[in-house]
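Analysis of the macromolecular model
The residues making up each chain are set out below.
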Amino acid sequence: MRNAEEYINKTSKFISVDGMHVHYRREGSGPVILLLHGSGSSLHCFDQLADSLVETFEVVRLDLPGFGLTGPRRDRDYRIQTFSTFTARFMSALLIERFSVAGNSLGGNVAWNMALDYPDRVESLILMNATGYPEKSMPSAMRLARNPLLKPLLRRWAPRKATEDSVRKLVGSKMASIDDALVDRIHAMMSRKGNRAAFVDLANTQQADRTGDIPGIKVPTLVLSGEGIDGQHFARDIANSREITFGGVGHLLPEEAPVLAAEAIRSHLNNVVRR
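Remember, it's a predicted structure, so these values are computed and weren't measured experimentally. (Residues numbered from 1 in each chain as written. Predicted model: local features only at pLDDT ≥ 70, side-chain atom pairs only at ≥ 80, totals over all residues. Heavy atoms only, no water.)

**Here we look at the pairing of strand β5 (residues 99–104)**
The side chains of a regular strand alternate between the sheet's two faces. For the record, the criterion: Note on exposure labels: buried denotes an accessible area under 20% of the residue type's maximum, exposed denotes more than 50%, and partly exposed covers the range between, all computed with a 1.4 Å probe on protein chains only. Counting from the N terminus, the helices are DSSP H or I runs at least four residues long and the strands are E runs at least two residues long. Note on pairing: two strands pair once DSSP finds at least 2 bridges between them. Here a crossover is taken to be right-handed if, once the strands point away from the viewer, the path from the first strand over the helix to the second is traced clockwise.
Most of β5 sits inside the fold, with six of its six residues counted as buried. Alternating residues of β5 divide into F99, V101 and G103 and S100, A102 and N104, and every residue in both groups is buried. In this structure, strand β3 (residues 32–36) lies alongside β5, joined through four bridges in parallel fashion. Directly across from L34, in β5, lies its bridge partner V101. Where β5 and strand β6 (residues 122–128) come together, five bridges link them in parallel fashion. Its bridge partner lying in β6, F99 is registered against V122. Crossover handedness for the path β5 to helix α3 (residues 106–117) to β6: right-handed.

Below, the structure is given as structure tokens:
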């Protein structure tokens, strides 16, 4: 089994934010786009997507608190608005005041909350299978993490086979075979000390319902959805938005369709971001 630290490379950087040793990468030049990963994931889910964007944009991505090489919060506070505040402080620590933000799943939830909380900083918004609407289906891993009998076990351990089974349930038909490297990476990151407990804490955090505020988002918004993903009403509720649905793509959109996603994001940013 691979160790999480093996995924550190020459582009990996670390910075202190709110007492946390935050793992991030910052590459390219041009208008800034911030990429936020989903639960149980890490900044590595954007590897191919970032490679396609760095030629024309400055791409910033981080391991959110509780995940990847950043690791858990000491206060175990995994409310979405805490993520939003933390991420804004992270960008301030990098001396970046205005940026576009793109997020997948949990990262998308954080992204649209940042658009509400920091309208003077967020230039445009890209949502990929973003969460937030109460009727959105919960992944099986999150449901298991809420089971009172399984919670104590899942805080400490889960076999690689369970990770593979979870990934298989998340992807669409276009990803016919699951790459061992993908499963190894996700399992290594989840197995890093404290990350499983953080995942359980996140799954059991009562989140505020801010969906009534979503129509207040005014920045240009691109909504990218996998086929059949439910609870996706952003294009309906955000006036200045455009939606693209990718057939045969599931929940892990940045890894299942990185080329298509990059093309859509590049077109969106070229149309709406000042250079």
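Moving on, there is more to tell.
**What about the pattern of salt bridges?**
Note on pairing: side chains with opposite charge can pair once their charged atoms come close. The condition that has to hold: We define a salt bridge as a side-chain nitrogen of Lys or Arg found within 4 Å of a carboxyl oxygen belonging to Asp or Glu.
Applying the stated criterion across every chain, the model contains 22 salt bridges. D201 is the salt-bridge partner of R76, the closest N and O atoms lying 2.9 Å from each other. Residue R76 is located in the loop between β4 (58–62) and α2 (80–93), and its partner D201 is located in helix α8 (residues 195–203); the two are separated by 125 residues in the primary sequence. Note on R76: relative accessible area 48%, which makes it partly exposed. The exposure class assigned to D201 is buried, which follows from its relative accessible area of 11%. For D117, the salt bridge is made with R210, and the minimal N-O distance between the two is 3.0 Å. Here D117 is found in helix α3, whereas its partner R210 is found in the loop between α8 and β7 (221–226), with 93 residues between them in sequence. Members of the salt-bridge network, linked through shared partners, are R160, E164, R168, D180 and D184.

**Observations concerning helix α11 (residues 258–272)**
Applied cut-off: The span you would expect from a helix comes to 1.5 Å times its residue count less one. The directions from the helix axis to the C-beta atoms form the arc being described.
Between its terminal C-alpha atoms α11 stretches 21 Å, which fits the 21 Å expected from 15 residues at 1.5 Å a residue. Burial in α11 covers these residues: P258, A261, A262, A264, I265, H268 and L269. Down the axis of α11, the sector holding all buried residues measures 165°, keeping them to one side. Along α11, the residues that are exposed and aim more than 90 degrees away from the buried face are V259 and N271.

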